[in-house]
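Observations on the three-dimensional arrangement
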Amino acid sequence: MSIDLDETHDPDTRTWHPGAQGHPDFPIQNLPLGIFSTGPPSAASTARGGIRIGDDILDLVALAGSGLLSGDALTAAGAAGASTLNHFFSLGPLPRKALRARVHRLLTTDSRHQQAVRSLLRPVADCSMHLPAAVGDYTDFYAGIHHARAIGALFRPDNPLLPNYKWLPIAYHGRSSTIRVSGEPFHRPNGQRKNPVDSGPTFEPCRDLDFELELGVWVGAGNADGKPIPISRASAQVGGYCLLNDWSARDIQSFEYQPLGPFLSKNFATTVSAWVVTPEALAPYSAALARPAADPRSLPHLTDAEDQRSGALDVELEVSIATERMRSGGTAPQRLSCSSTRHLFWTVAQMITHHTSGGCVLRPGDLLGTGTISGPDPAQAGSLMEISHGGRTAFALPDGETRTYLQDGDEVLFRARAHAPGRAPVGFGECRAVVLPAVPLEVQ
């Protein structure tokens with residue numbers, strides 16, 4: 001991630017917005033984008049783009065018509081003011097940076113336009129959030145090596161990583177039609193499952209429902225048909241980041257995944273956070289790709305010196321659970337684990353280059369998942385399959401309940417924040433959803 005730091009990253013910058021000064025997630029140095037509507041979710045017909053500042057949303061439709069913008073910043077605001085961010089993503093980095101710089105300037109304490117901008121703010125509490133983009137295609141990678149190793153060890157204790165893992169970014173193509181924004185519940189999936197001792201499979205609701213703690217990547221301008229994106233230019237194709245929960249039906253997956261990989265076990269729901277954190281906001285948290293010296297060097301088309309130096313990210317992620325009984329009793333969500341994007345084996349640029357290396361087209365608003373981000377310590381596990389050791393070990397919750405996998409009524413909550421001494425924090429907001437009972441399938 002080759003992004004120069006500028007005045008928008010200065011941790012000492014002060015804003016006239018009282019709720020944004022010192023905000024743990026959405027200070028003036030963040031300025032993520034999202035799609036919102038005023039009123040209840042049924043008012044989606046008024047959905048439009050906004051920028052989060054503190055606990056307010058700066059209405060981009062109103063800002064574009066205010067006369068406070070010009071040039072690339074006005075172009076970007078006009079595109080981002082639509083009901084999806086797809087056109088905004090297609091513009092690439094320059095207009096996005098111009099909009100960020102201008103909004104930052106309008107929000108600083110010495111801005112001459114405080115009153116005008118204040119009139120364009122909408123309280124988050126009065127708004128409903130929607131999917132940031134119309135997702136054409138969704139690809140989920142498997143770049144969390146500690147997750148891959150832990151899951152592999154459950155089935156292949158002597159050889160948990162398959163031979164190709166350290167040579168190329170493993171991925172599968174997911175289903176875009178069931179991607180939903182944070183806060184929307186989903187139904188437990190049905191599917192075929194088979195225990196090793198059974199003579200044949202049964203069709204029933206999933207028993208081993210799991211979450212996967214991931215970072216989502218929104219694709220920017222994309223590439224032309226048959227034109228791979230070189231690793232040196234791949235980071236410029238990132239439109240932004242979000243949190244992503246790739247819900248997984250482990251028992252269904254174990255029966256269906258050979259030889260072609262997951263199908264029904266993954267296509268029923270994927271939840272993303274509502275706010276798109278821009279690459280510019282995360283620039284202070286770029287990091288070197290950390291790999292043991294003994295690991296094989298990536299092939300030349302996946303190797304770039306700048307990407308090796310700064311293509312990784314340093315973002316802390318955590319996952320919590322709140323059962324139905326916990327919520328009704330007023331018990332706070334129980335944190336299950338805390339991990340970091342530093343544990344990813346591949347950079348986002350490497351994922352993008354590999355994705356397009358065979359000629360595949362990425363389009364604005366396509367969504368990529370990093371794969372489950374676990375760390376080397378058990379307290380950094382990014383899935384229940386790891387926490388419960390494949391469902392063999394239950395864990396206790398504060399009210400006396402126990403879990404191995406998710407039950408109906410459980411709510412899973414992801415949060416993430418990049419933070420470090422001397423830097424302004426950059427948060428992602430929530431990625432949460434409640435599990436509803438399965439919908440019975442009528443059998444004639």
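Look up: the structure comes first, before these words.
Residues numbered from 1 in each chain as written. Predicted model: local features only at pLDDT ≥ 70, side-chain atom pairs only at ≥ 80, totals over all residues. Heavy atoms only, no water.

Moving on: the environment of G152. If you trace the backbone, G152 turns up in helix α6 (residues 145-155). According to the relative accessible area criterion, G152 is buried, its value standing at 4%. In this structure the C-alpha to C-alpha distance between G152 and L162, which are ten residues apart in sequence, comes to 8.2 Å. In contact with G152, other than residues within four places in its own chain, are P157 and P160. (Helix = DSSP H or I, 4+ residues; strand = E, 2+ residues; numbered from the N terminus. Buried < 20%, exposed > 50% of the residue type's maximum accessible area, 1.4 Å probe, protein only. Contact = heavy atoms within 4.5 Å.)

What follows covers the pattern of salt bridges. Tallied over the entire structure, the rule returns 25 salt bridges. One salt-bridge network, in which partners are shared between bridges, spans D210, E212, D246, R250 and K266. (Salt bridge = Lys/Arg side-chain N within 4 Å of Asp/Glu carboxyl O.)

With that settled, the discussion passes to α6. Buried within α6 are the following residues: I145, H147, A148, I151 and G152. For α6, the buried positions fall inside an angular range of 155 degrees around the axis, keeping them on one side. In the core, the buried residues of α6 are packed alongside α7 (250-256) and α11 (384-387). (Arc of directions from axis to C-beta.)

On to the nonpolar core. What tends to happen in soluble globular proteins is that the nonpolar side chains get buried as a cluster. If you look at the biggest cluster of nonpolar residues, it comprises 65 residues, and the most contacted ones within it are F211, Y241, W247, L282 and F428. Broken down by element, the residue count for this core peaks at five residues, all from strand β25 (residues 426-436). Aside from chain neighbours lying at most four places away, what touches F211 is N245, W247, R250, V319, L336, G382, S383, L384, I387, L406, V412 and F414. Formed by 40 residues, the second largest nonpolar core is a distinct cluster that contains I51, L68, F89 and L121. (Core = buried A, V, L, I, M, F, W, Y, C linked by side-chain atoms within 4.5 Å.)

Here we come to helix α4 (residues 93-107). Between the first and last C-alpha of α4 there are 21 Å, a value that for 15 residues agrees with the 21 Å anticipated at 1.5 Å per step. For α4, the full list of buried residues reads P95, R96, L99, R100, V103, H104, L106 and L107. (Expected span 1.5 Å × (residues − 1).)

This part covers the sheet that holds strand β2 (residues 48-53). Read across the sheet, five strands follow the order β4-β3-β2-β1-β5 without closing on themselves; strand pairing throughout is antiparallel. In this open sheet, the two strands that pair with only one neighbour each are β4 (121-123) and β5 (127-130). Ignoring which end each strand starts from, the neighbouring axes of this sheet average 50 degrees apart. As judged from the four bridges shared by β2 and strand β3 (residues 56-59), these two strands associate in the antiparallel manner. Note on β3: the bridge partner recorded for G50 is D59. (Pairing = 2+ DSSP bridges. Axes fitted to C-alpha atoms, helices over the stretch in contact; angles between N-to-C directions.)

Moving on, we come to the sheet that holds strand β9 (residues 186-187). Pairing is mixed across the open sheet formed by five strands, whose spatial order is β9-β25-β24-β19-β20. Pairing within the sheet leaves two strands with one partner each, and these edge strands are β9 and β20 (334-340). With two bridges joining them, β9 and β25 adopt parallel strand pairing. Across the sheet, the residue bridging to H187 is L436, located in β25.

Our focus in this paragraph is the packing of aromatic side chains. Under the defined criterion, the tally for this structure stands at nine aromatic pairs. Judged by centre distance (5.9 Å) and plane angle (50 degrees), the rings of Y165 and F345 are tilted. Linking Y165 in the loop between α6 and β7 (171-173) with F345 in the loop between β20 and α10 (348-356), this pair joins segments that are 180 residues apart in sequence. Ring geometry for F345 and W346: centres 5.3 Å apart, planes at 80 degrees, overall edge-to-face. For the pair formed by F345 and W346, the shared burial category is buried. One aromatic cluster in this structure is built from Y142, Y165, F345 and W346. (Phe/Tyr/Trp six-rings, centres within 6.5 Å; stacked < 30°, edge-to-face > 60°.)

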